Amino acid sequence: MGQVQGKVALVTGAASGIGAACAETLAREGARVLLTDLDDARGETLVARIRASGGEAAYLHQDVTDEDRWAEVVAEAEARFGRLDVLISNAGIGILTSIVDMTLADWRRQMAINVDGVFLSVKHSIPAMRRAGGGSIVLISSVAGLRGSAGLAGYSATKGAVRLFAKSVALECARENIRCNSVHPGIIETPIWEKIPTGATGPGSNQGRNAPLDPRAIALASVPTGVLGQPQDVADGVLFLASDQSRYVNGSELVIDGAQTAGRIGSLAKA
Ligand code: NAP
């Protein structure tokens with residue numbers, strides 16, 4: 001029997017990277033999975049792959065910042081699969097720029113997707129989980145939500161907000177058998193690195209790109225193990241939080257970062 005056999009899961013940003021690995025892993029472990037994303041072609045392709053390997057899944061187009069769409073997506077999960085037990089709130093973007101070069105429009109766009117989207121996902125999933133008799137909510141934050149990050153101040157602010165929002169959700173739903181935890185991935189090899197706008201080019205523009213960021217080089221320089229994480233590393237942690245094996249894990253932070261935030265290597269020797 002799979003680790004999440006019989007559960008119904010909703011995964012946002014599921015067409016790519018970490019979300020895709022979460023959707024495939026949950027389906028492989030017996031969940032019926034509703035995948036949502038902006039990228040319909042990739043989402044549909046992934047659903048076809050899950051079905052081909054014996055899993056049950058469906059795809060819906062969804063912009064996580066659109067509140068009306070949230071009501072429809074949750075209603076569709078219940079209509080199609082009968083209930084909602086698991087929410088993986090994963091959709092997110094990153095914008096790399098100095099604070100003074102960041103436009104208010106980009107600050108707000110990042111907040112809208114990374115924070116408003118997570119808020120809406122939880123707001124609309126809780127009533128469905130109540131109807132199901134309980135549930136597990138997993139919010140994808142980042143190591144950037146655990147500490148500051150020069151060049152990623154806006155991203156860090158959004159991920160820090162997600163971290164504390166998860167704890168508040170856990171407390172507010174504690175007597176309703178609905179758990180909520182945050183996950184903090186380190187440097188993970190996904191397409192997000194190619195999409196991160198870099199090199200602000202002047203007022204009103206944050207879209208000018210220099211060379212794309214190289215996550216392998218960043219991992220080599222900043223992760224004590226030197227190893228670049230894979231989406232599956234995160235999906236395995238998410239699976240645990242989604243399953244009943246983590247029934248007493250609530251309001252907590254699962255850090256999956258190859259010891260990146262554990263401290264400084266050799267800091268005593270160098271002191
Ligand atoms: P990814 O490969 O870019 O996947 C993110 C998915 O979310 C994409 O398919 C993207 O679509 C979608 N998305 C973006 N805006 C959306 C919106 N408004 N509504 C619905 N879907 C939207 O990135 P990833 O690396 O897997 O990241 C997943 C999560 O992990 C994010 O929250 C990210 O911050 C977090 N994270 C990633 C890392 C890492 O190293 N990769 C580390 C820590 C935390 P488009 O491609 O069309 O934009």
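In this report, the structure presented in the accompanying data block is examined. (Residues numbered from 1 in each chain as written. Predicted model: local features only at pLDDT ≥ 70, side-chain atom pairs only at ≥ 80, totals over all residues. Heavy atoms only, no water.)

### Focus: the sheet that holds strand 3 (residues 56–61)
Then comes step 1: A sheet is described by the order of its strands in space; here 7 strands give the open sequence 3-2-1-4-5-6-7, paired in parallel fashion. One side of each edge strand has no neighbouring strand; the edge strands of this open sheet are strand 3 and strand 7 (253–256). Taken pair by pair, the neighbouring strands of this sheet meet at an average axis angle of 15 degrees, ignoring direction.
Then comes step 2: As paired elements, strand 1 (residues 8–12) and strand 4 (residues 86–89) share 3 bridges and run parallel to each other. The partner of Val 11 across the bridge, within strand 4, is Ile 88.
Then comes step 3: The strands that helix 3 (residues 67–81) touches are strand 1, strand 2 (32–37), strand 3 and strand 4; relative to strand 3, the one it contacts most, it runs at about 160 degrees. (Pairing = 2+ DSSP bridges. Helix = DSSP H or I, 4+ residues; strand = E, 2+ residues; numbered from the N terminus. Axes fitted to C-alpha atoms, helices over the stretch in contact; angles between N-to-C directions. Contact = heavy atoms within 4.5 Å.)

### Overview of the side chain of Thr 190
Then comes step 1: Relative to the assigned elements, Thr 190 resides in the loop between strand 6 (178–185) and helix 6 (192–195).
Then comes step 2: Using a relative accessible area of 13% as the deciding quantity, one classes Thr 190 as buried.
Then comes step 3: When residues no more than four places from it in sequence are discounted, the contact partners of Thr 190 are Gly 17, Ile 18 and Pro 231. (Buried < 20%, exposed > 50% of the residue type's maximum accessible area, 1.4 Å probe, protein only.)

### What about the pattern of salt bridges?
Then comes step 1: Taken as a whole and judged by the stated rule, the model has 13 salt bridges.
Then comes step 2: Where Glu 176 meets Arg 130, a salt bridge forms, and the shortest distance between an N and an O atom there is 2.6 Å. Placement of the pair is Glu 176 in the loop between helix 5 (153–172) and strand 6 and Arg 130 in helix 4 (residues 104–132), with a sequence separation of 46 residues.
Then comes step 3: One network of salt bridges, in which partners are shared, links Arg 163, Lys 167 and Glu 253. (Salt bridge = Lys/Arg side-chain N within 4 Å of Asp/Glu carboxyl O.)

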